[in-house]
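Examining the three-dimensional arrangement
These are the residues of each chain, in order.
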Amino acid sequence: MTNWIEIGALDDIPRLGSRVVRTPGGNIAVFRTESDEVFALDDRCPHKGGPLSQGIVHNKRVTCPLHNFVIELASGQAVAPDEGCTHTHPAKVENGVVWLSVRQAAAVS
Amino acid sequence: MLDKVTKQKLVVIGNGMAGIRTVEALLERAPDLYDITVFGSEPYGNYNRILLSPVLAGEKTVDDIMLNTVDWYEDNNITLRKGETISMIDRRTCEVVTDAGDRVPYDRLLIATGSNPIMLPLPGKDLQGVIGFRDIYDVDRMIKASTDYRNAVVIGGGLLGLEAANGLMKRGMNVTVVHLLDTLMERQLDPVAGGLLRKSLEERGMVFKMPAQTQAILGEERVTGVRFGDGTELAADLVVMAVGIRPNFELAKKAGLYCERGIVVSDTMQTYDGRIYAVGECVQHRRQTYGLVAPLFDQAKVCANHLAMKGFATYDGSVTSTKLKVTGIDLFSAGDFSPGPDKEEIVLQDANRGVYKRIILKDKKIVGAVLYGDTIDGPWYFQHLRDGTDVSHMRERLVFGAANLGEGGVSGQNSVAAMSDETEICGCNGVCKGAIVKAISEKKLFTLDDVRAHTKASSSCGSCTGLVEQVLAFTLGGDYSAAPKVKPLCKCTDHSHDDVRRVIVEQQLKTIPAVMRFMEWKTLNGCHSCRPALNYYLLATWPGEYRDDQQSRFINERVHANIQKDGTYSVVPRMWGGVTTPSELRAIADVAEKFNIPTVKVTGGQRIDLLGVKKEDLPAVWADLNDAGMVSGHAYAKGLRTVKTCVGSEWCRFGTQDSTGLGVRLEKFMWGSWTPAKVKLGVSGCPRNCAEATCKDVGVVCVDSGYEIHFAGAAGLHIKGTEFLTKVETEDETLEVIVALTQLYREEGWYLERMYKWCDRVGLEQIRKRVVDDVANRKALFARFAYSQQFAQTDPWAERASHGVDRNEFAPLAELELA
Ligand SMILES: Cc1cc2nc3c(=O)[nH]c(=O)nc-3n(C[C@H](O)[C@H](O)[C@H](O)COP(=O)(O)OP(=O)(O)OC[C@H]3O[C@@H](n4cnc5c(N)ncnc54)[C@H](O)[C@@H]3O)c2cc1C
Ligand code: SF4
Ligand code: SF4
Ligand code: FES
């Protein structure tokens with residue numbers, strides 16, 4: 001069951017950028033690609049917990065600002081040769097509005 | 001752009017290690033200067049000849065040792081004529097003639113024909129199965145023989161002979177090494193070390209006949225045996241002659257170039273005909289010929305510099321060191337170790353561990369070293385040998401090596417060998433030596449980029465790059481001579497920094513997507529390396545026109561604060577010239593308390609750092625600092641950071657000029673400017689240099705009669721004193737020169753290339769010419785800097801704290817109660 005929550009307007013997230021959504025289980029980073037797709041990931045790098053929301057976004061990837069791990073936005077997987085994975089959350093855009101569905105697993109970590 | 005018609009023609013004879021290293025270095029310095037044609041007798045691209053030994057031993061394949069494939073030549077617009085030999089140089093018409101009779105004209109010619117193995121003039125030397133050890137063709141024949149035959153004789157117990165013998169043995173042959181003298185590798189080893197080496201090779205199954213003179217090679221069509229001076233005979237199906245090499249200079253000599261034991265060249269690697277250069281084993285320089293790659297690479301660098309018309313470098317000869325590439329045997333030798341009345345020796349012999357070390361001293365300096373069994377300190381001794389260090393203070397413990405002397409750490413150039421596995425190499429990413437070594441060996445890494453990708457070492461501030469390279473060199477041994485290619489800006493493109501900068505100007509490209517489209521970027525939006533670089537290049541090229549792309553800025557520059565490891569930020573307000581006031585200090589104290597800022601620290605650049613600020617607090621913190629008259633210190637920027645000053649003539653009894661005032665003036669003029677990498681200034685009021693101006697990017701040392709301007713210093717993991725640029729008489733001139741210098745760096749530096757690296761690459765004289773000697777150019781540079789400053793000098797903090805710029809950046813998009 002997907003529980004969609006409205007989190008804001010697409011235009012409030014810069015293209016090739018990201019904004020943070022605060023939750024009791026920690027921050028979630030919501031990314032916007034050049035072609036206006038959105039992705040949501042826990043704002044924690046699998047390496048040493050760096051805030052991915054602060055990284056540079058390129059294509060469907062983000063580079064962690066702390067030590068340059070590159071993370072796939074769609075899967076949360078680190079791009080080889082790095083290893084690790086960040087939790088993803090379903091996100092979508094409808095009529096310029098961004099919706100997020102928080103997956104509980106995030107709260108655990 | 002220069003096209004093929006107007007470009008000068010450079011012809012290279014010899015597609016080997018020295019020739020191509022020269023071409024690579026030339027492309028780095030002047031990629032478009034020449035239309036280059038390379039002739040090579042061998043039917044391959046360029047390969048790493050050194051590694052023929054591991055290929056023979058079955059530890060590597062021919063593909064593994066290729067340095068430049070045929071594609072590389074194409075990519076760099078070089079015409080490679082492989083499999084073609086030059087048979088004549090016609091100096092009258094400036095043409096070379098191939099063995100097929102084809103004539104090719106040159107404006108400049110580079111001879112890099114290497115050397116040939118010496119084939120002893122013995123009866124039977126032309127029989128089938130008698131070969132030298134020089135190229136892939138020889139190795140192929142040896143490998144073939146090892147499958148068809150059993151008995152091999154190697155004539156020559158030097159480096160090459162032993163490596164050949166080891167390889168053949170590994171391939172299953174019975175190998176006998178015949179040597180004229182009673183010590184193996186007598187040119188590199190003393191009798192004791194030679195004896196130890198012989199013993200361990202014998203344990204592996206190698207047979208020696210020495211001292212022995214070969215008298216004849218026996219056989220009808222193919223070799224069947226060898227006869228010695230004492231009348232004895234030995235059965236052999238393969239004879240490898242490895243008694244030495246002879247510089248290959250026939251071609252040059254026929255063309256009337258002066259030759260002795262090699263082609264005689266000057267300190268600029270030119271032959272007696274100024275249009276003709278020569279490098280590599282074929283040359284003789286100051287009476288020396290060389291047979292190892294390190295000196296040849298030094299020659300290549302000098303030669304390339306000259307060909308690139310940056311003719312300030314000279315070659316002064318090299319000291320060499322040797323390592324035997326037989327897996328499992330550790331042997332190192334360097335310098336001169338013949339005994340003599342004025343020499344002292346320190347010897348350590350530990351038969352149990354199979355260790356032997358002999359260090360030879362003369363006039364308190366190391367002149368030679370032979371190490372067997374434990375060679376870890378080889379590079380360290382070699383460094384001291386080359387530097388001519390006075391080692392008398394560590395004489396007692398010298399033989400135990402670097403680790404025992406507590407040398408190493410920050411400045412210890414060659415100390416990596418002596419470091420323990422736990423030693424941290426990359427401070428930023430916490431990577432220790434053991435992890436790097438492990439990754440290199442297990443994952444078969446070969447280049448700095450590989451190591452960066454796999455371990456993160458040297459991928460951040462980059463100051464440990466030198467150390468990581470040393471770890472690479474030390475772990476790979478002889479393998480790490482792979483030449484650096486003309487470096488693309490990043491993995492998203494094949495174009496170099498210089499190409500990109502040039503095309504931005506030529507094609508009037510004014511946005512990042514436009515550059516990527518025009519230059520056919522391989523990725524959709526680039527990556528974290530190229531986007532910030534492009535953003536900077538566009539900003540520096542089109543001041544006032546280009547709109548800074550925040551999403552292509554590294555986080556620190558996007559939010560104008562420094563991210564810390566826990567995701568909080570640090571804030572450093574500007575303190576002009578390191579001068580502050582009670583009210584500023586009070587405001588800083590108030591801010592720290594109001595926002596619960598956990599750490600307040602004084603920085604090395606004479607200002608105060610507030611660490612641990614939460615991102616959402618940043619605008620409010622800045623607003624308070626702004627209210628007290630303070631602005632951003634750009635402590636996060638690839639831009640002007642600090643101007644460190646001393647109190648100078650205002651207070652100091654030694655002060656000659658108002659160093660503080662000058663520092664403040666420089667900072668007020670230059671703050672806000674973006675540069676390829678960070679720029680730090682220092683101004684000292686007298687040569688006592690309390691502001692440490694001579695290790696800064698730009699430093700001023702005041703003297704009675706004026707101002708000495710220095711630049712290109714560094715004091716990070718690399719420590720380098722500045723270069724003296726010029727001396728001027730007034731503050732105004734000081735400002736003009738420094739600003740012009742910075743502008744030149746802004747226009748030519750590669751992104752993230754510090755000023756000292758830029759100076760290394762471009763050359764001090766070139767820079768001085770354009771900034772000091774050419775006054776009109778200096779003034780033009782100054783004017784361009786001043787123009788761009790009108791768009792740069794707005795306080796980014798005020799914009800964000802009070803004018804709502806980038807408001808979204810600092811607030812969350814949403815706060816969810818329930819997750
Ligand atoms: C087996 C082996 C192991 C070695 N191990 C080491 C080591 O551990 N450490 C070390 O420092 N050095 C080592 N060396 C030495 C090192 O390889 C040489 O010093 C280096 O390759 C010399 O470079 P070069 O460019 O002068 O000559 P080369 O690399 O020999 O290049 C010369 C090229 O010119 C070509 N050529 C010659 N005449 C003509 C012509 N008329 N027309 C067209 N082409 C021509 C040749 O075919 C050749 O390809 C080793 C050498 C060998 C053979
Ligand atoms: S502050 Fe500088 S020296 Fe210290 S760990 Fe960080 S990058 Fe290295
Ligand atoms: S550098 Fe010279 S003038 Fe400046 S504080 Fe030191 S001694 Fe005084
Ligand atoms: S925390 Fe993200 S790369 Fe290290």
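Just above, that's the structure.
What comes next is a walk through the structure. The residue numbering used here restarts from 1 in each chain and proceeds along that chain's sequence as written. Lettering of chains starts at A and numbering of ligands starts at 1, both following the order in which they are written. Whole-chain, interface and lining totals are the exception, using all residues; otherwise, since this is a predicted model, local features are given only for residues with pLDDT of at least 70 and side-chain atom pairs are given and counted only at 80 or more. With hydrogens and water set aside, each side-chain value is computed from the structure's full complement of heavy atoms.

Residue and element names in this part refer to chain B. Neighbouring residues of ligand 1: 33 residues in total, closest E42, R134, E281, V293 and K325. Polar contacts here mean pairs of N or O atoms no more than 3.5 Å apart (in protein, one a potential hydrogen donor and the other a potential acceptor; neighbouring residues in sequence count only if both atoms are side-chain atoms). R49 places a side-chain nitrogen or oxygen 2.9 Å from an oxygen atom of ligand 1. The side chain of E281 places a nitrogen or oxygen atom 2.5 Å from an oxygen atom of ligand 1. We get accessible surface area from the Shrake-Rupley algorithm with a probe of 1.4 Å; when it comes to residues, only the shown protein chains can shield them. Against a free-state accessible area of 1000 Å², the protein chains account for coverage of 92% of ligand 1. Elements that contribute at least two residues to the shell around ligand 1 include exactly α1 (17-29), β2 (34-40), α5 (159-170) and α8 (293-307). By residue number, the principal contributor to the shell around ligand 1 is α1, which donates three residues. For the shell around ligand 1, a count of residues per class yields 13 nonpolar, 13 polar and seven charged. Per-domain counts for the shell around ligand 1 show at least three residues from each of domain 1 (8-115 + 247-307) and domain 2 (130-243). The near set for a molecule or strand comprises every residue that places at least one heavy atom within 4 Å of it. A run of DSSP states H or I qualifies as a helix once it reaches four residues; a run of E qualifies as a strand once it reaches two. Both are numbered from the N-terminal end. Basically, the charged four are Asp, Glu, Lys and Arg, the nonpolar ten are Ala, Val, Leu, Ile, Met, Phe, Trp, Tyr, Cys and Pro, and anything else, Gly included, counts as polar. Residue ranges for the domains originate in an automatic or database domain assignment.

As a further point, take the pattern of salt bridges. All names here are of chain B. When a carboxyl oxygen of Asp or Glu lies within 4 Å of a side-chain nitrogen of Lys or Arg, that pair is called a salt bridge. Applying the stated rule across the entire model yields 55 salt bridges over all chains. A salt bridge links E59 to K170; its shortest N-O distance comes to 3.1 Å. Highlighted residues: E59 in the loop between α2 (52-56) and β4 (66-68) and K170 in helix α5, separated in sequence by 111 residues. Judged by relative accessible area, which is 39%, E59 ranks as partly exposed. Summary of the burial criterion: residues with accessible area below 20% of their type's maximum are buried, those above 50% are exposed, and those between are partly exposed, where the area comes from a 1.4 Å probe applied to protein chains only. Accessibility expressed as a relative area gives 43% for K170, which makes it partly exposed. Its salt-bridge partner being R358, residue E345 comes within 2.9 Å of it at the nearest N-O pair. Within this pair, whereas E345 is found in strand β25 (residues 344-350), its partner R358 is found in strand β26 (residues 355-362), the two being separated by 13 residues in sequence. Among the residues examined, R358 registers a relative accessible area of 5% and is labelled buried.

Next up on the list: the sheet that holds strand β35 (residues 679-684) of chain B. Residue and element names in this part refer to chain B. The five strands are arranged β34-β35-β36-β37-β40 in an open sheet whose pairing can be described as mixed. What marks the edges here is a single partner per strand, and that holds for β34 (640-645) and β40 (723-728). Across the sheet, the mean angle from the axis of one strand to that of its neighbour is 15 degrees, orientation sign disregarded. Here, strands pair whenever DSSP counts at least two bridges between them. As paired strands, β34 and β35 are joined by four bridges and run parallel to one another. Only the contacting stretch of a helix is used when fitting its axis, a line to C-alpha atoms as for every element, and angles between N-to-C directions run 0 to 180 degrees.

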